[in-house]
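In case you want the letters, here they are:
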Amino acid sequence: MTIAFVDGRVIVGDGRMIENATVLVEDGKILKIGQSSKNIAKDFQKISLGGRTLLPGFIDAHIHICMDGSPDPMAAFLSESPTMTALKAARSACRTLMAGVTTVRDMGGKDGIDFGLRQAINSGLIPGPRILISGRLICMTGGHGWQVGLEANGPDEVRQAAREQIKAGADIVKLMATGGVMTPGVEPGSEQFTEEELRAGVEEAHKAGKKTATHAMGTRGIQNALRAGIDSIEHGVYLDDETVSMMIERNSFLIPTISALYNIESKGIEAGIPAFAVEKTLKVKPFHLESIRMAREAGVSIAAGTDAGTPFNLHGENLREIKLLVDYGGFSPMGAIEAGTGVAARVLGLDEELGTVAEGKVADLVMVEGNPLDDIDLLLNPESICLVMQRGKIVKGDSNNQ
């Protein structure tokens, strides 16, 4: 099917907006972007943009598709059967896609369910976003995420663990540089893997052409990861001037995952979230927000990632992170949207294919009622996401009633 989105507003995903634009889609790709719909062939199916806005499909650079967003998702994760986890994950994948998120990066799965889910989505068996996966996260013995991670100690074991995940088909190797909020008895700011251990994992990933990411909250742990050659810092709670300079020098990305801390703080112990997680969240929040400000003002590349699956951080509500980047991160609406499109595509290494509305790129597109630059809350309303296109196919919305 050849489709023409005609005469409307297009947010490109690189900081630009085009008014009165027409976007032609053919064979799953963006064929042409123009300023007039007058010369469109009659066999094109026209979709009028009118007062709507066309954007690139959103990218969530940090989720956990196997976690369900319940008050204590790790407990549920560990107690339920693999079948139940897989069914929940399939439902979450569908909800994510319907919210306008056409690509995700999964940052830690269980029992190979994430691999199976990716295969099911790619084959067309179930609807869901394009999914890049890390498989099992790699941590030190007793380190953050040990309950579901692959424990390794010393460079040789870390190297072996990375090789195992690459062999299994991981797109990314995820390493745990510091402690975190959701593991009891672990200090978020503490170092865990050493620089040498991190370097071993990074080297193995890069040899195989894979990206790397690290859970990293504490300053020294972040710096260890940066010196080891890591590609992206997840969370980045305790940044300082030296660390920010290192990130810029090394072209490393920051994915702050504001949604994770926001939902834990806003729901609290009374909603059933473990007390230790709430206490640690309240402790790290002011440092986290200051770190985001420092990174943004210094020019660090910041991408949107939710940590969806953590408490009350629900799959299908991923675009709340865009609003939180505005409300808490100091981003303009345009900058926040770019963090969830063009910048996030660079994090995944898919910027030649995705992330912007540009000729020759894959036709992952989202149409929104109104203008999110005027009202960012539109992205949080499922009814405002009136059409979702993935690889040139409309997966939400009726093209005949546009």
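Before any of the text, the structure's been laid out above.
The rules we used
Each chain has its residues counted from 1, running along the sequence as written. Local features are withheld for residues below a pLDDT of 70 in this predicted model, meaning they are given only at 70 or higher, and side-chain atom pairs are given and counted only at 80 or more; totals for whole chains, interfaces and linings count all residues. The basis for every side-chain value is the complete set of heavy atoms in the structure, and neither hydrogens nor water enter the calculation. The axes used here are C-alpha line fits, helices contributing only the stretch in contact, and every angle between their N-to-C directions lies in the interval 0 to 180 degrees. The secondary structure listing takes helices from DSSP runs of H or I that are at least 4 residues long and strands from runs of E that are at least 2 residues long, numbered from the N terminus. Throughout, the term roughly parallel applies to angles under 35 degrees, roughly antiparallel to angles over 145, roughly perpendicular to angles from 65 to 115, and oblique to all others. Should the near helix be turned counterclockwise from the far one by less than a right angle, the crossing is left-handed, whereas a clockwise turn marks it as right-handed. Contact criterion: two residues are considered in contact whenever any of their non-hydrogen atoms come within 4.5 Å of each other. Here the nonpolar group is Ala, Val, Leu, Ile, Met, Phe, Trp, Tyr, Cys and Pro; Asp, Glu, Lys and Arg are the charged ones; every other residue, Gly included, is treated as polar. A side-chain nitrogen of Lys or Arg and a carboxyl oxygen of Asp or Glu constitute a salt bridge if their distance falls within 4 Å. Burial here depends on accessible area, computed with a 1.4 Å probe over protein chains only, as a share of the maximum for the residue type. Under 20% is buried, over 50% is exposed, and the range in between is partly exposed. We treat two strands as partners when DSSP finds at least two bridges between them. Throughout, right-handed denotes a crossover for which the path from the first strand over the helix to the second runs clockwise when the strands point away from the viewer. Aromatic rings from Phe, Tyr and Trp, taking only the six-membered ring of Trp, are treated as a pair when their centres fall within 6.5 Å; an angle between ring planes under 30 degrees marks them as stacked, one over 60 as edge-to-face, and anything in between as tilted. Charge-over-ring placement is defined geometrically: NZ (Lys) or CZ (Arg) within 6 Å of the ring centre, and within 35 degrees of the ring normal.

K.L.:
Please set out the packing of helix H5 (residues 195-207) against helix H6 (residues 219-228) residue by residue, giving values where relevant.
P.N.:
Relative orientation and spacing of two packed helices are given, respectively, by the angle between their axes and the distance between those axes. Running from N to C, H5 and H6 point in directions that differ by 40°, and their axes come no closer than 8 Å. For the element pair H5 / H6, the angle class is oblique. In the crossing of H5 with H6, the sense of the turn from one axis to the other is right-handed. Residues Glu195, Leu198, Arg199 and Val202 of H5 touch H6, and the partners they reach there are Gly221, Asn224, Ala225, Arg227 and Ala228. Its residues assigned to classes, the contact of H5 with H6 shows four nonpolar, two polar and three charged.

K.L.:
Would you mind going over the pattern of salt bridges in detail, with residue names and values included?
P.N.:
Under the defined criterion, the tally for this structure stands at 23 salt bridges. For Lys283, the salt bridge is made with Glu187, and the minimal N-O distance between the two is 3.4 Å. With Lys283 in helix H9 (residues 275-298) and Glu187 in the loop between strand E11 (172-176) and H5, the pair connects residues that are 96 residues apart, well separated along the chain. Its salt-bridge partner being Glu265, residue Lys285 comes within 3.0 Å of it at the nearest N-O pair.

K.L.:
Please set out the packing of helix H7 (residues 241-250) against H9 residue by residue, giving values where relevant.
P.N.:
Between H7 and H9, the shortest axis-to-axis distance is 10 Å and the interhelical angle comes to 45°. In terms of orientation, H7 lies oblique with respect to H9. Considering how the two elements wind past one another, H7 and H9 form a crossing that is right-handed. Together, Asp241, Val244 and Ile248 of H7 and Met294, Ala295 and Ala298 of H9 make up the contact between the two elements. Residues that form the contact of H7 with H9 fall into these classes: five nonpolar, no polar and one charged.

K.L.:
If you had to explain unusual backbone geometry to someone new, which residues and values would you point to?
P.N.:
Working note: non-glycine residues mostly have negative phi, and peptide bonds are mostly trans. Its identity as a non-glycine residue notwithstanding, Asp307 has a phi of 70°, on the positive side. Tracing the backbone through its elements, the reader meets Asp307 in the loop between strand E15 (301-302) and helix H10 (320-327). In this structure Asp307 comes out as buried when scored by relative accessible area, which is 9%. Backbone geometry at Phe312 places phi at a positive 60°, although glycine is not the residue there. Relative to the helices and strands, Phe312 resides in the loop between E15 and H10. Phe312 sits in the partly exposed class, given a relative accessible area of 22%.

K.L.:
Provide a residue-level description of the pairing of strand E8 (residues 130-133), including the pertinent values.
P.N.:
Residues of E8 alternate between two faces, with Arg130 and Leu132 on one and Ile131 and Ile133 on the opposite face, all of them buried. In the sheet, strand E7 (residues 101-106) pairs with E8 via four bridges, with the strands oriented parallel. Looking at E8, one finds that Val104 is bridged to Ile131. Note that the unit made of E7, helix H3 (residues 113-122) and E8 has a crossover that is right-handed.

K.L.:
Explain the sheet that holds E7 to me, using residue names and the numbers behind them.
P.N.:
Spatial ordering of the open sheet is given by E6-E7-E8, a layout of three strands whose pairing is parallel. A single partner strand is all that each edge strand has here, and the edge strands are strand E6 (58-63) and E8. Averaged over all pairs of adjacent strands, the angle between their axes in this sheet comes to 15°, without regard to strand direction. When E6 meets E7, the two strands line up parallel, connected through four bridges. By the bridge assignment for E7, Asp60 is matched with Val104. Against the sheet, H3 engages E7 and E8, with an angle of about 155° to E8.

K.L.:
Lay out the packing of aromatic side chains in plain terms, naming residues and giving numbers.
P.N.:
Going through the model one piece at a time under the given rule, you end up with two aromatic pairs. Ring plane angle 45° and centroid distance 5.1 Å describe the contact between Tyr238 and Phe287, whose orientation is recorded as tilted. On the criterion of sequence distance, the pair formed by Tyr238 in the loop between strand E13 (232-235) and H7 and Phe287 in helix H9 is long-range, its members being 49 residues apart. A residue is classified by how much of its surface remains accessible, and Tyr238, at 16% relative accessible area, is buried. Positioned over the ring face of Phe77 is Lys110, at 5.2 Å from the centre of the ring. Its guanidinium or amino end placed over the ring of Phe312, Lys267 lies 5.5 Å from that ring's centre, counting from NZ or CZ.

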